[in-house]
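Residue strings, one per chain:
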There are 2 protein chains.
Amino acid sequence: MSIRIGIYGYGNLGRGVELAVRQNPDLTCVGVFTRRAPETLKTCTGLPVYSVNDAPAMQADIDVMILCGGSATDLPTQTPQLAQYFNVVDSFDTHAKIPQHVAAVQAVAEKARKTAIVSAGWDPGMFSLARLYSGAVLSAGCDYTFWGKGVSQGHSDAIRRIEGVLDARQYTIPVPSALEAVRKGETPVLTAAQKHERECFVVAKEGADLARIEKEIVEMPNYFADYHTTVHFITQEELQRDHGGLPHGGRVIRSGETGLNGEHKHVIEYSLKLDSNPEFTASVLVACARAAYRLQKEGVYGCKTMLDVPPVYLSAKSREELLAALL
Amino acid sequence: MSIRIGIYGYGNLGRGVELAVRQNPDLTCVGVFTRRAPETLKTCTGLPVYSVNDAPAMQADIDVMILCGGSATDLPTQTPQLAQYFNVVDSFDTHAKIPQHVAAVQAVAEKARKTAIVSAGWDPGMFSLARLYSGAVLSAGCDYTFWGKGVSQGHSDAIRRIEGVLDARQYTIPVPSALEAVRKGETPVLTAAQKHERECFVVAKEGADLARIEKEIVEMPNYFADYHTTVHFITQEELQRDHGGLPHGGRVIRSGETGLNGEHKHVIEYSLKLDSNPEFTASVLVACARAAYRLQKEGVYGCKTMLDVPPVYLSAKSREELLAALL
């Protein structure tokens with residue numbers, strides 16, 4: 001019998017979950033839950049659409065609810081609320097608030113005897129795992145995270161808010177020389193700005209002052225001021241044609257040493273190159289939904305993260321198959 | 001109170017464990033157990049040396065015994081035998097026999113209420129984890145493992161057995177074009193020989209027939225015949241000077257697709273570049289010793305592998321610290 005998945009929220013991530021579930025024969029999608037009027041929403045693959053208000057009554061029909069809302073305002077309230085009724089998975093990614101989110105979900109899920117896996121995805125998520133494993137193994141060493149090349153939604157939005165800008169896409173790009181130094185095991189001290197540069201593709205309104213827009217971008221505090229930033233003005237057609245996707249990726253590198261006097265260097269690198277950031281994130285959430293379901297069946301209740309989950313629980317294969325095939 | 005480690009067997013791996021424990025303040029080494037006469041063995045850091053016959057009587061002094069013998073003849077008997085008395089960790093790496101080894105250790109450890117983690121290291125071990133995670137997330141895709149550049153002990157030994165050879169070192173090297181194709185997400189079908197080439201550095205006896213030795217190497221079935229193999233004759237001094245270390249490494253790459261019609265490609269790559277194969281393996285064993293100790297304290301008995309262990313158990317940091325720092 002397959003694991004029945006509900007999708008709560010239907011943006012890029014929700015669509016990604018819909019498509020990811022189809023790639024996993026042990027899972028089925030029951031439907032999408034939306035705050036919009038259900039009849040106005042049509043899903044990619046024709047899933048049933050329900051109002052979020054119908055969710056609590058469908059407790060018996062859904063094994064795991066995957067929450068696909070945003071971290072700023074949706075998930076902090078939705079995940080604890082839904083953990084009363086369902087095993088839940090989310091991608092809460094406001095790094096500084098994760099402990100507080102885990103505590104809030106823990107309180108509800110434990111009481112309801114449900115299992116939650118929160119902050120799943122690639123960062124937090126797969127990158128967090130890479131940091132944990134490599135740090136546990138190479139206890140003397142330094143960690144580096146490089147993001148990109150990829151589209152940063154937050155930075156793209158920040159450019160769009162500038163007067164005279166119609167649309168924009170911002171790429172975060174690792175600085176090649178910084179990456180090279182880290183890979184060689186040189187353990188340099190690097191700020192985020194020394195590790196990354198920013199490339200912006202901007203569509204301006206006709207007659208807008210391009211020099212002023214460029215200045216506002218490169219001098220924008222927090223977002224761009226500390227970084228080497230390049231601005232290109234292009235047409236809306238060019239933006240759609242050449243920058244329509246949501247690629248992303250990055251790498252976590254740990255450089256460490258062993259031996260009597262640290263004479264042996266070791267470099268562990270975990271890297272992702274993703275054509276679609278939301279679809280990859282969705283694929284991680286779906287594997288976590290399987291794990292949440294299994295953990296709850298075994299009576300392991302409460303709020304977990306990917307760092308807590310025994311790896312075998314994420315795979316569709318049995319432990320016996322995995323031991324025989326992967327070890 | 002620190003976790004008390006015993007080292008069972010004192011070759012390259014045992015020395016690696018001795019040094020790795022020093023890098024982890026939550027662990028202490030109680031001593032080394034050897035089949036040799038203890039008084040003939042002096043350890044790198046002056047650890048006490050005991051006879052293997054003394055081990056069972058020291059049950060109360062040791063929290064985890066790390067087995068540092070070979071997979072061919074030592075571990076298949078030693079690990080089940082010692083699991084009667086101790087939590088144990090080993091690096092059993094005869095891939096085809098792992099399920100059988102797990103079953104043998106499980107029977108003993110469960111009965112003795114001890115916890116074992118077997119087949120730890122980097123392959124099996126960290127590479128197995130990379131395969132599991134990336135396969136669970138990208139369910140539609142292909143896996144590739146490339147080994148090297150690094151010294152293969154088995155292949156070096158095979159060359160040494162040829163008449164007229166004094167010493168030898170064999171490097172396994174990934175074929176750059178194969179690696180490039182896989183990284184681009186091309187999912188080619190590749191045999192081990194299409195992914196790797198072999199480079200051999202050989203010290204021959206004076207007057208030996210070099211052409212005959214080279215022919216015997218490149219035509220050796222299983223080891224070399226299917227591979228592009230290069231042979232260099234060098235002096236013993238050159239071998240020691242330029243090829244004295246035991247570097248190794250490799251990468252596990254999964255290339256997969258998502259979307260409505262597989263239109264988005266994703267590549268996950270996990271790579272290791274190691275100056276010292278045995279010291280890195282030892283560092284993994286030491287992290288697993290910490291996990292075995294904690295699992296046993298919580299009543300999780302029996303034989304585990306790295307695929308079964310919740311990641312947080314491997315780290316010296318508390319779960320709270322890890323959630324705050326890594327997610």
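What you see is a predicted model; the values in this text were computed from it and never measured.

S.K.: What's the story with the overall build of chain A in this structure? I'm lost.
M.R.: The secondary structure content of chain A amounts to eleven helices and 14 strands. Taken against the 2.2 N^0.38 rule, which gives 20 Å for 327 residues, the C-alpha radius of gyration of chain A at 22 Å falls within 12% of a compact globule. For chain A, the C-alpha atoms occupy an extent of roughly 65 × 60 × 35 Å along the three principal directions. By the burial criterion, 57% of the 327 residues in chain A qualify as buried. For chain A, the share of sequence-separated contacts (at least 6 apart) that also reach a separation of at least 24 residues comes to 69%.

S.K.: What's the story with helix H10 (residues 277-297) of chain A in this structure? I'm lost.
M.R.: Counting along an α-helix, one turn takes 3.6 residues, and residues three or four places apart therefore face a common direction. Residue and element names in this part refer to chain A. Counted at 1.5 Å a residue, the expected span for H10 with its 21 residues is 30 Å, and the 31 Å between its end C-alpha atoms agrees. Within H10, 19 of the 21 residues are buried, which leaves it mostly tucked inside the rest of the structure. Put simply, Ser276 is the residue that caps the front of H10, since its side-chain oxygen is 3.1 Å from the backbone nitrogen of Glu279. A positive phi of about 80° marks Gly299, the residue just after H10.

S.K.: Explain the packing of aromatic side chains here, please?
M.R.: The description of an aromatic ring pair uses the distance of the two centres, along with the angle that the planes make with each other. Following the criterion strictly, the structure yields 13 aromatic pairs over all chains and no others. Relative to A:Phe127, the ring of A:Trp122 lies with its centre 5.3 Å away and its plane at 80°, an arrangement referred to as edge-to-face. Note on accessibility: A:Trp122 and A:Phe127 belong to one class, buried. On the basis of an interplanar angle of 25° and a centroid distance of 5.3 Å, the ring pair of B:Phe33 and B:Tyr50 is categorised as stacked. Placement of B:Phe33 in strand S2 (residues 27-34) and of B:Tyr50 in strand S3 (residues 49-51) is noted, with a sequence separation of 17 residues between them. For B:Tyr50, a relative accessible area of 24% corresponds to the partly exposed category. Here the aromatic residues A:Tyr8, A:Phe33 and A:Tyr50 are joined through ring pairs into a cluster of three or more. Over the aromatic face of A:Phe146 sits the side chain of A:Lys195, whose NZ or CZ is 5.7 Å from the ring centroid.

S.K.: Help me understand the relation of the copies chain A and chain B in this model?
M.R.: Rotating chain A by 180° and translating it 0.0 Å along the rotation axis places it on chain B, where the RMSD comes to 0.0 Å. The superposition of one copy onto the other is thereby described by a two-fold rotation axis.

S.K.: Explanation requested: the interface of chain A and chain B in the structure shown.
M.R.: Note on interface size: it is often stated as the accessible area lost on association of the parts. Contact with chain A, which involves 67 residues of that partner, is made by 67 residues of chain B. Roughly 5700 Å² of surface becomes buried between chain A and chain B when both sides are summed, with 61% attributable to carbon and sulfur atoms. Per-residue buried area on chain A facing chain B is highest for A:Tyr133, A:Leu326 and A:Leu327; these three make up 13% of the total on that side. Viewed at the interface, chain B and chain A are joined by two salt bridges. Salt-bridge contacts for B:Asp308 lead to A:Arg319; the nearest nitrogen and oxygen are separated by 2.7 Å. For the interface between chain A and chain B, the tally reads 34 residue pairs in polar contact (both at pLDDT 80 or more). Elements represented by at least two residues in the side of chain A that touches chain B include exactly helix H1 (12-22), helix H3 (98-112), helix H4 (126-137), strand S12 (248-258), strand S13 (264-274), H10, strand S14 (302-304) and helix H11 (319-326) of chain A. Per-element tally for the side of chain A that touches chain B: the top contributor is S13(A), with eleven residues. Taken together, the nine bridges between S13(A) and strand S13 (residues 264-274) of chain B define a ladder with antiparallel strand orientation. In the strand pairing of S13(B), A:Val267 is matched with B:Lys273.

S.K.: Is there a simple way to explain the sheet that holds strand S3 (residues 49-51) of chain A in this structure?
M.R.: In a beta sheet, neighbouring strands are held together by backbone hydrogen bonds and run either parallel or antiparallel to one another. Residue and element names in this part refer to chain A. With respect to topology, seven strands assemble into an open sheet ordered S3-S2-S1-S4-S5-S6-S14, the strand pairing being parallel. Looking along the sheet, the strands with just one partner apiece sit at the ends: S3 and S14. If you compare each strand with its neighbour and ignore which way they point, the axes differ by 25° on average. Relative to strand S5 (residues 87-89), strand S4 (residues 64-67) runs parallel, the two sharing three bridges. Within the sheet, the bridge partner assigned to Ile66 lies in S5 and is Val89. Against the sheet, helix H2 (residues 75-82) engages strand S1 (3-8), S4 and S5, with an angle of about 175° to S4. Each of strand S6 (115-117) and S14 is contacted by H3, which is oriented at about 140° to S14, the strand it contacts most.

S.K.: Honestly, the pattern of salt bridges in this entry has me stumped. Any pointers?
M.R.: Two side chains of opposite charge can pair, provided their charged atoms sit close to one another. Residue and element names in this part refer to chain A. Tallied over the full model, the rule gives 32 salt bridges over all chains. A salt bridge links Arg212 to Glu216; its shortest N-O distance comes to 3.1 Å. Taken together, the residues Arg212 and Glu216, both in helix H8 (residues 210-218) and four residues apart, mark about one turn of the helix. Arg212 sits in the partly exposed class, given a relative accessible area of 26%. A relative accessible area of 36% places Glu216 in the partly exposed class. Via salt bridges that share partners, Asp157, Arg160, Asp167 and Arg169 belong to a single interconnected network.

S.K.: What am I meant to see in the packing of helix H2 (residues 75-82) of chain B against helix H3 (residues 98-112) of chain B here?
M.R.: How two helices sit against one another is set out by the angle between their axes and by the gap between those axes. All names here are of chain B. The contact between H2 and H3 brings their axes to 8 Å, and the two run at 20°. If you check the angle between H2 and H3, you find them roughly parallel. The two elements H2 and H3 meet at a crossing, and its hand is right-handed. Residues Leu75, Pro76, Thr79 and Pro80 of H2 form the contact with H3, whose own contacting residues are His101, Ala104, Val105 and Val108. Class assignment for the residues of the contact of H2 with H3 results in six nonpolar, two polar and no charged.

S.K.: Could you clarify how one ought to interpret the pairing of strand S4 (residues 64-67) of chain B in this entry?
M.R.: As a general feature of sheets, a regular strand has side chains that alternate between the two faces. Residues and elements named next belong to chain B. Going residue by residue along S4, you find Val64 and Ile66 tucked away on one face and Met65 and Leu67 tucked away on the opposite face as well. When strand S1 (residues 3-8) meets S4, the two strands line up parallel, connected through four bridges. By the bridge assignment for S4, Gly6 is matched with Met65. With H2 bridging S4 and the parallel strand S5 (residues 87-89), this β-α-β connection has right-handed handedness.

S.K.: Teacher, can you tell me more about the nonpolar core here?
M.R.: The tendency in soluble globular proteins is for nonpolar side chains to be buried side by side. In this structure, A:Met126, A:Phe280, B:Met126 and B:Phe280 are the most contacted members of the largest nonpolar core, which totals 158 residues. The contacts of A:Met126, once residues within four sequence positions are left out, are A:Gly121, A:Tyr270, A:Phe280, A:Val284, A:Met306, B:Tyr133 and B:Val137. B:Ile159, B:Ile162, B:Val165 and B:Ala208 belong to the second-largest nonpolar core, a separate cluster that totals 14 residues.

S.K.: Even after reading the chapter, I still don't get the environment of B:Ser177, so can you show me in this structure?
M.R.: Relative to the elements of secondary structure, B:Ser177 occurs in helix H6 (residues 176-183). Along the primary structure B:Ser177 and B:Thr258 are separated by 81 residues, whereas in three dimensions their C-alpha atoms are 25 Å apart.

S.K.: Any chance you could explain the sheet that holds strand S9 (residues 165-174) of chain B here in plain terms?
M.R.: Residue and element names in this part refer to chain B. Strand order in the open sheet formed by four strands is S8-S9-S10-S11, with mixed pairing between adjacent strands. A single partner strand is all that each edge strand has here, and the edge strands are strand S8 (150-151) and strand S11 (228-233). Pairing of S8 with S9, which is carried by two bridges, proceeds in the antiparallel orientation. Bridge pairing in S9 links Val151 to Tyr171. Each of S8, S9 and strand S10 (196-204) touches helix H5 (residues 153-160); the most contacted strand, S9, lies at about 145° to it. In this fold helix H8 (residues 210-218) packs onto S9, S10 and S11, with an angle of close to 150° to the strand it touches most, S11.

Procedures and definitions
Residues numbered from 1 in each chain as written. Chains lettered and ligands numbered in written order. Predicted model: local features only at pLDDT ≥ 70, side-chain atom pairs only at ≥ 80, totals over all residues. Heavy atoms only, no water. Helix = DSSP H or I, 4+ residues; strand = E, 2+ residues; numbered from the N terminus. Rg over C-alpha atoms; globule rule 2.2 N^0.38 Å. Buried < 20%, exposed > 50% of the residue type's maximum accessible area, 1.4 Å probe, protein only. Contact = heavy atoms within 4.5 Å. Expected span 1.5 Å × (residues − 1). Polar contact = N/O pair within 3.5 Å; in protein donor to acceptor, adjacent residues only side chain to side chain. Phe/Tyr/Trp six-rings, centres within 6.5 Å; stacked < 30°, edge-to-face > 60°. Lys NZ or Arg CZ within 6 Å of the ring centre and 35° of its normal. Least-squares fit on C-alpha atoms with pLDDT ≥ 70 in both. Buried area = accessible area lost by both parts, 1.4 Å probe. Salt bridge = Lys/Arg side-chain N within 4 Å of Asp/Glu carboxyl O. Pairing = 2+ DSSP bridges. Axes fitted to C-alpha atoms, helices over the stretch in contact; angles between N-to-C directions. Parallel < 35°, antiparallel > 145°, perpendicular 65-115°, else oblique. Left-handed = near helix turned anticlockwise from the far one by under 90°. Nonpolar A, V, L, I, M, F, W, Y, C, P; charged D, E, K, R; others polar. Right-handed = clockwise from strand over helix to strand, strands pointing away. Core = buried A, V, L, I, M, F, W, Y, C linked by side-chain atoms within 4.5 Å.

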